[in-house]
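Single-letter residue listing:
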Amino acid sequence: MNLEKIKALLTDFRISIPVGVVLGLILGLVIGWGIWPVQWTDLAPYHLRQDLREDYLRMTIFTTTSNGDGSIASKAWSELEDTAEETLDAVREDPKYLKPDQIASFMAIVGAGVPEATPTIALSEVLEEETEGGGPKWLLLGGLCLGLILIAGVVFYLLVIRTRSSKEDKTESLGSEDVSRIKDIFGRDDMAVLADIHEEPAPPAQEETVEPVAQFMTTYAIGDDLYDDSFSIDAPTGEFLGECGAGISEIIGVGEPKHVAAFEVWLFDKNDIQTVTKVVMSAHAHADNKIRLRLESKGEPILSEPGKRVLLETATLQLEVRIVDMAYGEGPAPDQSFFERLTLELSVWPKVRANF
């Protein structure tokens, strides 16, 4: 794939949008979890571990009973929030350096042990369960990734699969906007025929001949072991539409020069996501089931015959390949197994031309 093909793919929104979503997701994860992770500062005692909350409360009780400042006790008790009672019970069971009368004095200041009219929910248990092992963070991250993947899948379906299926329905009937767009791309000379097709298809006997937007001739001769021709398809306005070409696909036997048994002919459309390929084969290769099965993965197998026409279609282009001339080589190989020469004519039309 050359530079022009890559540029055409990058400018295709059906490919650039899903790729951008995936790259954005990856970049966000790298920055958010690797380069600049979230750091918590200035947290209240409520968020400390259980043992640290107990040490904090012991120091508060000691300070309060030493200087008699009840505001310190009230502030510490409120900052412990729903963990206050639990932490105080733990300190009473293990007072360490505190005396019982100090703890009792602190409880009298903050009113601990007095039953409340409305019970409160112990959120400390929920927080402790959530923070163990960082489970919810990974659960949230997984949900975010899944959501972005689903969004990318929906965008891909709407912009690629659904668009392609709608194109097939529109090939028989063109709207005025479609005709206007094709007029801008392929020039005014072809528009008379396109307008006739839009209004009502003409009978085959009365159909006018439309000149191809591009036409090329390519020839292979035995000994050209690096044969691989490609041609740029441009509209009369100079706009790049795609590429087409032919090259060696299958070799039979060994030795020099190579004995070519099949050729690939292909069509690339900048408005399509895949390159269409068909394989022109010698009579021997076409009759050999093993060779045919192996080459079917590259494209539809076609028996090479003089004057034969092969049609390749993409989203907006049609390529007609005509076998102008061919000859089989002779040598230590099965009859009609490799080519001595092969000449192909490649003609390209816009997709609106329904029949050649």
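Shown above is the structure to which this text applies.
Residue indices follow the written sequence of each chain, beginning from 1 at its first position. Owing to the predicted nature of the model, reporting of local features is limited to residues with pLDDT of at least 70; listing and counting of side-chain atom pairs is limited to 80 or more, with chain, interface and lining totals taken over all residues. Water and hydrogen atoms play no part in the side-chain values, which are based on all heavy atoms of the structure.

This brings us to the packing of helix H3 (residues 50-67) against helix H4 (residues 70-79). Contact geometry of H3 with H4 gives a least axis separation of 8 Å together with a crossing angle of 160°. Judged on the interaxial angle alone, H4 and H3 are roughly antiparallel. The two elements H3 and H4 meet at a crossing, and its hand is left-handed. Here Tyr56, Thr60, Thr63, Thr64 and Asn67 of H3 come into contact with H4, specifically with Gly70, Ile72, Ala73, Ala76 and Glu79. Charged residues are taken to be Asp, Glu, Lys and Arg, nonpolar residues to be Ala, Val, Leu, Ile, Met, Phe, Trp, Tyr, Cys and Pro, and polar residues to be all remaining types, Gly included. Split by residue class, the contact of H3 with H4 holds four nonpolar, five polar and one charged. Throughout, an axis means a line fitted to C-alpha atoms (over the contacting stretch in the case of helices), and angles, computed between N-to-C directions, take values from 0 to 180 degrees. Helical segments are the DSSP runs of H or I of at least four residues, strand segments are the runs of E of at least two, and each set is numbered from the N terminus. For classification purposes, angles smaller than 35 degrees are called roughly parallel, those larger than 145 roughly antiparallel, those between 65 and 115 roughly perpendicular, and all remaining angles oblique. Throughout, a crossing is termed right-handed when the near helix is turned clockwise from the far one, and left-handed when it is turned anticlockwise from it by less than a right angle. In what follows, residue pairs with any heavy atoms lying within 4.5 Å of each other are defined as contacts.

It is worth spelling out the sheet that holds strand E1 (residues 214-221) at this point. For two strands to count as paired, DSSP must find a minimum of two bridges between them. Taken in spatial order, the four strands of this open sheet run E1-E9-E8-E7, and their pairing is antiparallel. Only two strands of the sheet have a single neighbouring strand rather than two, namely E1 and strand E7 (309-313). Averaged over all neighbouring strand pairs, the angle between strand axes comes to 20°, with direction disregarded. Across eight bridges, E1 lies against strand E9 (residues 339-350) in antiparallel orientation. Each bridged residue has a counterpart across the sheet, and for Thr218 the counterpart in E9 is Leu344.

Right, let's get into the side chain of Thr343. Counting through the fold element by element, Thr343 comes out in strand E9. Pairing of N or O atoms within 3.5 Å defines a polar contact, subject to two protein rules: one partner must be a possible hydrogen donor and the other a possible acceptor, and residues neighboring in sequence count only if both atoms are side-chain atoms. One polar contact links Thr343 to Thr219, side chain to side chain, over a distance of 3.2 Å. Leave out the neighbours within four places in its chain, and Thr343 touches Met217, Thr218, Thr219, Arg322, Ile323, Val324 and Asp325.

Another aspect to go through is the pairing of strand E4 (residues 260-269). Categorising residues by exposure relies on relative accessible area from a 1.4 Å probe, with only protein chains included: less than 20% of the type maximum marks a residue as buried, more than 50% marks it as exposed, and the intermediate range marks it as partly exposed. Where burial is concerned, most of E4 is hidden: nine out of the 10 residues are buried. Two strands pair when backbone bridges link them, and strand E3 (residues 240-251) and E4 are joined in this way by nine bridges, in the antiparallel orientation. The residue bridging Glu250 from the neighbouring strand is Ala262, located in E4. Of the pairings in the sheet, the one linking E4 to strand E5 (residues 276-281) comprises six bridges and is antiparallel in character. Among the inter-strand pairings, Trp266 is bridged to a residue of E5, identified as Thr277.

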